[in-house]
Amino acid sequence: MPAPPPAQALSGPAAQLQAVDTRALSPRARTAVAASLARWQALGPLPVGRWLLVNIPAYEIRLFDGAVEQARWRAIIGKPKTPTPTFRGVAGGVILNPWWEVPASIVAESVGRLVARNPRRAAAQGYVREGNRYRQRPGPDNQLGLMKLDFRNAYSVGIHDTPSRQLFEREKRALSHGCIRVDDALGFAATLLGPPASRDSLHTVVNTSRDTQTVPFAQPIPVFVGYFTAELGSDGSLLVHDDIYRKDAGQTVTIVAPAVEDACASE
């Protein structure tokens, strides 16, 4: 019987986690470390250059250049009933003043009823119905906020702004239908775009016109959406996050998930 292939060498945050001495840890912490390392192995080699890591249990997005962390932002992720899937993709740019394509589940839950019963209020909130298609115009009430990444993927999961920015003050932020909302969205976009873009310049763009604009990155940015309940903090200490989707007990190791109809579905 042939021997199994050797495990790949880990780098970046995975290598830091692999170096942790687990002998003195609690059973829960050891499980989190083991499950997280297995998921890093399944993820495959890290990219060269800039890449984004969305860590679901940490409610956080981090920007890396190779193995070196460059920045981090708070995030809102899917509720346990509508979990954010784990996968990898590529972001091509930033979409300013995006339209929101309302998923059928949200139409059935609330938007369809609003449009039918109170069309004037629905119009004031930017909702437009075209046959069976419901959309929301760019504006202050738009559920994608002022920007979203140009991040097409099989799960219709977006990374975007939100008009409900007060929710980032909560410690536990599993609040969405599966999408990933990012704090300081225009600062996030400016960091990814690089100079001459800035938070202020992007504010000027979105406030001057409601037209939708796509600004491409100089190079596409790989995005890893992962589930790592154990990681090292900036001070080198071990952080063990809540297992919000109850994955660690079975050590679910996958980088894909069933497609979800998400609240931030792309156009």
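Overview of the structure.

What counts, and where the lines are drawn
One numbering rule holds for all chains: residues counted from 1, following each sequence as written. Only residues with pLDDT of at least 70 are given local features in this predicted model, and only at 80 or more are side-chain atom pairs given and counted; all residues enter the totals for whole chains, interfaces and linings. Note that the side-chain values use all heavy atoms of the structure and ignore hydrogens as well as water. In this analysis a 1.4 Å probe is tested at points of a 1 Å grid over the protein atoms alone, and where it fits but cannot get out there is a cavity; an open set with protein on both sides within 12 Å along at least five of seven lines is a pocket; lining residues have an atom within 4 Å of a point. Grid points are joined across faces, edges and corners, and a volume is the space filled by probe spheres set on the points. The secondary structure listing takes helices from DSSP runs of H or I that are at least 4 residues long and strands from runs of E that are at least 2 residues long, numbered from the N terminus. Just so you know the grouping, Ala, Val, Leu, Ile, Met, Phe, Trp, Tyr, Cys and Pro go in nonpolar, Asp, Glu, Lys and Arg go in charged, and all remaining residues, Gly too, go in polar. Only buried residues count toward a nonpolar core, which is a set of Ala, Val, Leu, Ile, Met, Phe, Trp, Tyr and Cys residues joined through side-chain atoms within 4.5 Å. Relative accessibility thresholds used throughout: buried, under 20% of the residue-type maximum; exposed, over 50%; partly exposed, between the two (1.4 Å probe, protein chains only). Any pair of residues with heavy atoms lying within 4.5 Å of one another is described as a contacting pair.

This part is about the layout of surface pockets. Of the voids in this model, the largest pocket is the one considered here, and its volume is about 330 Å³. The wall of the largest pocket is formed by 20 residues, among which Trp100, Ile106, Ser110, Gln143 and His177 lie closest to the centre. Every element with two or more residues in the lining of the largest pocket is listed here: α3 (104–117) and β10 (174–176). For the lining of the largest pocket, the leading source of residues is α3, giving five residues. The class makeup of the residues in the lining of the largest pocket is nine nonpolar, eight polar and three charged.

Core analysis: the largest hydrophobic core is formed by 40 residues, its most contacted members being Leu52, Ile61, Met147, Leu149, Ile159 and Phe188. With seven residues, the top contributor of residues to this core is helix α5 (residues 185–193). What Phe188 contacts, discounting residues up to four positions off in sequence, is Leu52, Ile61, Trp73, Met147, Leu149, Ile159, Val182 and Asp183. With 17 residues, the next largest nonpolar core counts Ala14, Leu17, Phe224 and Phe228 among its residues.

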